[in-house]
Amino acid sequence: MGIQGMELFAIGVVIILFMAVLKQFGILEPMSSFEDDSSDSDLELSTVRHQPEGLDQLQAQTKFTRKELQSLYRGFKNECPSGLVDEETFKSIYSQFFPQGDATTYAHFLFNAFDMDRNGSIRFEDFVIGLSVLLRGSVTEKLNWAFNLYDINKDGYITKEEMLAIMKSIYDMMGRYTYPCVRDEAPSEHVDKFFQKMDRNRDGVVTIEEFIETCQKDENIMNSMQLFENVI
């Protein structure tokens, strides 16, 4: 697929595809397009299923300014008037953006990474806290977030089966029209390379410590972590 390095591909695609979807559906807009709207200052709506936390609290929990939070909330409520995003909505958004492939499984994994309290829906708080990590977080915070995505069962380890499931979901989403054409065995080969580099003690799993240490020593990965700091 023209990208060298399993780790750079796997980590970069998480951020790139997510940011592309947000921009496509108007959730991320240039800050200059929004004026300070007092009606949104307290993050209140008259008819919603979920009322988000107050602006001051979210500002303390994230690295966004008050105006940035207002802008993000405007886009979020336009797409999600109820104040909540369920998994089917998440899948629908990705399916529209990647019609040439099957985005269902990738969207499921990404949804679970944002659904912090595991209740089957993403609140604005979940969304903006995760976005703050991806855009404004430290390298360690971003890598922790990526590890959480790959650790499907949340047991603190990445197994080959989990990483293969993530890789297959990415290839499924990109579809059969990638160039050069992806061979069927490519996901497994990438997972093997990932574990050769990440699994330092050769015990068959990758821990958060191994993951962060290896990534921090890779110049390409470190550069990729800095590409999205000024998106909004």
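You'll find the protein entered in an unreviewed UniProt entry as Calsenilin-like isoform X3, with Pundamilia nyererei given as the organism. The heading Sequence similarities (unreviewed entry) in the UniProt record of the protein holds the text "Belongs to the recoverin family." Recorded in UniProt for the protein, the comment headed Subcellular location (unreviewed entry) runs: "Cell membrane".

K.L.:
So what's going on with the overall build of the protein? Residues and values would help.
P.N.:
When its secondary structure is counted, the protein shows 11 helices and four strands. For the protein, with 232 residues in total, the buried portion stands at 49%. Sequence-distant contacts in the protein: of pairs separated by 6 or more residues, those separated by 24 or more amount to 69%. Counting only carbon and sulfur atoms, one obtains 48% of the accessible surface of the protein, whose full area is about 11,300 Å².

K.L.:
Give a description of helix α7 (residues 139–150) that names residues and reports values.
P.N.:
Taking 1.5 Å per residue as the helical rise, α7 with its 12 residues ought to reach 16 Å, and the 17 Å between its terminal C-alpha atoms agrees with that figure. Burial in α7 covers these residues: K142, L143, W145, A146, F147, L149 and Y150.

K.L.:
Mind laying out the UniProt feature "domain: EF-hand" (unreviewed entry) in the protein, listing which residues take part and the relevant values?
P.N.:
Per the UniProt annotation, the sites labelled "domain: EF-hand" (unreviewed entry) are residues 102–137, 138–173 and 186–221. Annotation note: span residues 102–137, helix share 67%, strand share 8%, distance between end C-alpha atoms 30 Å. Along residues 186–221, the helical share is 69% and the strand share 8%, with 21 Å between the first and last C-alpha atoms.

K.L.:
Lay out the environment of D117 with the relevant residues and their values.
P.N.:
Here D117 shows up in the loop between α5 (104–114) and β2 (121–123). Relative accessible area serves as the criterion here: at 39%, D117 is assigned to the partly exposed category.

K.L.:
How would you explain the packing of aromatic side chains if you had to name every residue and give the values?
P.N.:
A complete count under the given rule lists 10 aromatic pairs for this structure. Measuring from ring centre to ring centre gives 5.0 Å for Y73 and F124, while their planes differ by 75°; the resulting arrangement is edge-to-face. In this pair, Y73 is assigned in helix α3 (residues 66–79) and F124 in helix α6 (residues 124–136), connecting sequence segments 51 residues apart. Both residues of the pair, Y73 and F124, count as buried. The rings of F147, Y150, F194, F195 and F211 are connected pair by pair, giving a single aromatic cluster. Directly above the aromatic system of F195 lies the positively charged group of K160, at a separation of 5.8 Å from the ring centroid.

What counts, and where the lines are drawn
- Residues numbered from 1 in each chain as written.
- Predicted model: local features only at pLDDT ≥ 70, side-chain atom pairs only at ≥ 80, totals over all residues.
- Heavy atoms only, no water.
- UniProt positions renumbered as here; feature names shortened; annotations may be inferred.
- Helix = DSSP H or I, 4+ residues; strand = E, 2+ residues; numbered from the N terminus.
- Buried < 20%, exposed > 50% of the residue type's maximum accessible area, 1.4 Å probe, protein only.
- Contact = heavy atoms within 4.5 Å.
- Areas by Shrake-Rupley, 256 points an atom, 1.4 Å probe, with all protein chains shown as cover.
- Expected span 1.5 Å × (residues − 1).
- Phe/Tyr/Trp six-rings, centres within 6.5 Å; stacked < 30°, edge-to-face > 60°.
- Lys NZ or Arg CZ within 6 Å of the ring centre and 35° of its normal.

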